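So you can see what is in the structure, the chains are spelled out below.
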Amino acid sequence: MSVLRPFKATDMFKFNNINLDIWTETYGIGFYLSYLSRWPDLCCVQEAPSGRMMGYVVGKAEGASTEWHGHVTAITVAPEYRRLGLARKMMGLLEMVSEEIYKGFFVDLYVRCTNDLAIDMYEGMGYSVYRRVREYYGSMGVGRGGRDEEDAFDMRKPLARDPHRRSVRANGRDMIVSAHDVS
């Protein structure tokens, strides 16, 4: 039985088994510390009984007016712990905090357009594509001149404050914007 608990600064010394994955964006220590200091209730880890980290989610609250929302900055599960429902548990906690504590209208996240497994998982959790963001992700130096060139889907899930579902749209895959157009 694993434990879902708050993310601590010392967890950064234990998450290499999770971060060394092609789909996981890895950030600098200062980035994680800024999230932990500003939005500690939107950051949690899933931990095995042995103390080994199984996964984590890091999020924030942002926006204004009806665009006020929870944002999933990073969610990842170590390969050996996938398909156990851990991401669903962590997302559930982030959604609950976004709704009940921060009073958000929706939760959003960005996912690589090529990550079909993650897209299917998010759609199964009630998320839908709001728009496609051109050249959002880095190509890891593979593309022309090492430029950023992998697209992302901006996916959203409306919360209780959005009963008319104004934060989502039916044709999101057809709405294409530049990475410079998103914050």
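Reference entry: report on the structure contained in this document. These numbers were taken from a predicted model, which means no experiment stands behind them.

**Considerations on the packing of aromatic side chains**
- Across all of its chains, the model carries 14 aromatic pairs by this definition.
- Here the aromatic rings of phenylalanine 7 and tyrosine 32 are separated by 6.5 Å at their centres, their planes lie at 10°, and the arrangement is stacked. With phenylalanine 7 in the loop between strand E1 (3-6) and helix H1 (16-19) and tyrosine 32 in helix H2 (residues 29-38), this pair connects stretches of sequence that are 25 residues apart.
- By relative accessible area, tyrosine 32 is classed as buried at 2%.
- A ring pair is formed by tyrosine 122 and tyrosine 127, whose centres lie 6.1 Å apart and whose planes are at 65°; its orientation type is edge-to-face.
- For tyrosine 122, a relative accessible area of 7% translates into the label buried.
- These aromatic residues form a ring-pair network of at least three members: Phe7, Phe15, Tyr27, Phe31, Tyr32, Tyr35, Trp39 and Tyr56.
- Positioned above the aromatic ring of tyrosine 130 is the side chain of arginine 156, whose terminal nitrogen or guanidinium carbon lies 3.6 Å from the ring centre.

Rules used in this analysis
Residues numbered from 1 in each chain as written. Predicted model: local features only at pLDDT ≥ 70, side-chain atom pairs only at ≥ 80, totals over all residues. Heavy atoms only, no water. Phe/Tyr/Trp six-rings, centres within 6.5 Å; stacked < 30°, edge-to-face > 60°. Helix = DSSP H or I, 4+ residues; strand = E, 2+ residues; numbered from the N terminus. Buried < 20%, exposed > 50% of the residue type's maximum accessible area, 1.4 Å probe, protein only. Lys NZ or Arg CZ within 6 Å of the ring centre and 35° of its normal.

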